[in-house]
Amino acid sequence: MTVPTLEPVMPAEGRHVIHLFFRIDYASWDILDNSEKIAAKTALAQLVQNIRATPDTQLLTFSMVSPKADLGFMLLTKDLHVGDQFAKQLGLALGPGILVPEFSWLSMTERSEYTTSEEEFLITLEKEEGIAPGTPQQEERLAAFRARMAKYMKDRLEPNLPDWPVVCFYPMSKRRGTTGQNWYALEFEARKKLMLGHARVGRTYHGRVLQLITGSTGLDDMEWGVTLFSRSTSDIKAIVYEMRFDEVSAQYADFGEFFIGLQMPLDSLFARVSL
């Protein structure tokens with residue numbers, strides 16, 4: 001049967017992101033003979049290799065800590081058809097019924113609406129540093145700002161994720177309550193001021209924690225997915241704890257379930273989960 005070619009489903013910018021966490025049905029796995037197990041692991045390894053060879057696509061593999069799940073994948077790719085196909089193939093690669101879905105999340109990389117604009121940057125230069133418009137000093141600082149913002153935007157929309165071992169994922173939303181804690185009832189400038197303060201806390205963890213904030217409004221049950229990468233659980237714990245005292249989190253944030261994974265190569269992952 002000829003499969004019709006489907007038109008790509010592409011975001012206006014950025015990548016689709018799919019988190020997939022599975023439990024292993026060891027009873028189903030144990031009834032396979034040794035040659036079937038080898039074939040199943042070879043099939044998954046080949047699929048992982050093929051996914052990673054796909055343009056504009058990344059795939060991360062995790063051993064999930066605690067019995068919430070056994071193994072996990074984080075898939076980033078442009079075309080949602082490609083992401084959907086790969087996600088389904090990953091779930092079946094070890095054979096029917098071996099990997100049982102425990103949790104999934106669909107989101108997209110996105111730019112922040114609260115990013116400092118060039119106009120705001122120039123106003124700040126003049127008011128706080130006395131750098132006048134049209135001067136060589138202003139042009140030099142503006143060129144550096146543009147380069148910094150271009151890198152920042154690329155890192156948000158088309159991230160190159162690190163191989164740091166500790167990965168934390170959790171979904172979150174902003175509150176829409178009726179007791180004064182309605183984020184969406186605040187004026188834009190008030191929200192922007194709060195978010196800039198929130199971001200300043202995050203920047204103190206530069207080099208220790210990489211944060212990827214992806215949007216899931218209209219795509220999943222909450223509004224954002226937060227993926228944190230670090231070399232240490234202590235840094236993950238510290239940034240989440242400190243952020244909770246910031247007004248954005250303390251007054252306006254609701255959090256979903258937290259998942260911790262250990263990023264590792266597939267052969268190490270097979271050994272860790274006893275496959």
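My aim in this report is to walk through the structure given alongside it, one point at a time. (Residues numbered from 1 in each chain as written. Predicted model: local features only at pLDDT ≥ 70, side-chain atom pairs only at ≥ 80, totals over all residues. Heavy atoms only, no water.)

## Quick notes on the overall build of the protein chain
Line of reasoning, step 1. Counting its secondary structure elements, the protein chain contains nine helices and nine strands.
Line of reasoning, step 2. If you line up the protein chain on its principal axes, its C-alpha atoms span 75 × 45 × 35 Å.
Line of reasoning, step 3. Counting across all 275 residues of the protein chain, residues that qualify as buried make up 43%.
Line of reasoning, step 4. Taking as baseline every contact in the protein chain between residues at least 6 positions apart, the subset at least 24 positions apart corresponds to 77%.
Line of reasoning, step 5. Working note: accessible area of the protein chain is about 15,200 Å², and carbon and sulfur atoms make up 55% of it. (Helix = DSSP H or I, 4+ residues; strand = E, 2+ residues; numbered from the N terminus. Buried < 20%, exposed > 50% of the residue type's maximum accessible area, 1.4 Å probe, protein only. Contact = heavy atoms within 4.5 Å. Areas by Shrake-Rupley, 256 points an atom, 1.4 Å probe, with all protein chains shown as cover.)

## Topic: the side chain of Arg15
Line of reasoning, step 1. Here Arg15 is to be found in the segment before β1 (16-24).
Line of reasoning, step 2. Judged by its relative accessible area of 9%, Arg15 is buried.
Line of reasoning, step 3. Of the polar contacts made by the side chain of Arg15, one reaches the side chain of Asp56; its length is 3.4 Å.
Line of reasoning, step 4. Ignoring anything within four residues of it in the chain, the contact list for Arg15 reads Asp56, Thr77, Lys78, Ser107, Met108, Thr109, Leu157 and Glu158. (Polar contact = N/O pair within 3.5 Å; in protein donor to acceptor, adjacent residues only side chain to side chain.)

## Some details on the packing of aromatic side chains
Line of reasoning, step 1. Overall, the coordinates contain 16 aromatic pairs when judged by the stated rule.
Line of reasoning, step 2. With a centroid separation of 4.5 Å and an interplanar angle of 40°, the aromatic rings of Phe103 and Phe259 are classed as tilted. Of this pair, Phe103 sits in strand β4 (residues 99-109) while Phe259 is found in strand β9 (residues 259-263), placing the two residues 156 residues apart along the sequence.
Line of reasoning, step 3. According to the relative accessible area criterion, Phe103 is buried, its value standing at 18%.
Line of reasoning, step 4. With 5.6 Å between their ring centres and 25° between their planes, Tyr114 and Phe188 make a pair best called stacked. Of the two residues, Tyr114 is situated in the loop between β4 and α4 (118-129) and Phe188 in helix α6 (residues 188-203); the sequence distance between them amounts to 74 residues.
Line of reasoning, step 5. Judged by relative accessible area, which is 29%, Phe188 ranks as partly exposed.
Line of reasoning, step 6. Put simply, the rings of Phe21, Phe103, Trp105, Phe169 and Phe259 pair up and form one aromatic cluster.
Line of reasoning, step 7. Over the face of the ring belonging to Phe259 we find Lys68, whose NZ or CZ atom lies 5.3 Å from the ring centre.
Line of reasoning, step 8. Over the ring of Phe255 we find Arg244; its NZ or CZ atom is 4.6 Å from the centre of that ring. (Phe/Tyr/Trp six-rings, centres within 6.5 Å; stacked < 30°, edge-to-face > 60°. Lys NZ or Arg CZ within 6 Å of the ring centre and 35° of its normal.)

## Some words on the packing of α6 against helix α7 (residues 233-243)
Line of reasoning, step 1. Running from N to C, α6 and α7 cross one another at 160°; their axes reach a closest spacing of 10 Å. Between α6 and α7, the angle falls in the class roughly antiparallel. In this structure, the crossing between α6 and α7 has a hand that is right-handed. Contact residues: His198, Val201 and Gly202 in α6; Ile239, Glu242 and Met243 in α7. (Axes fitted to C-alpha atoms, helices over the stretch in contact; angles between N-to-C directions. Parallel < 35°, antiparallel > 145°, perpendicular 65-115°, else oblique. Left-handed = near helix turned anticlockwise from the far one by under 90°.)

Geometric values such as these leave the question of function open.
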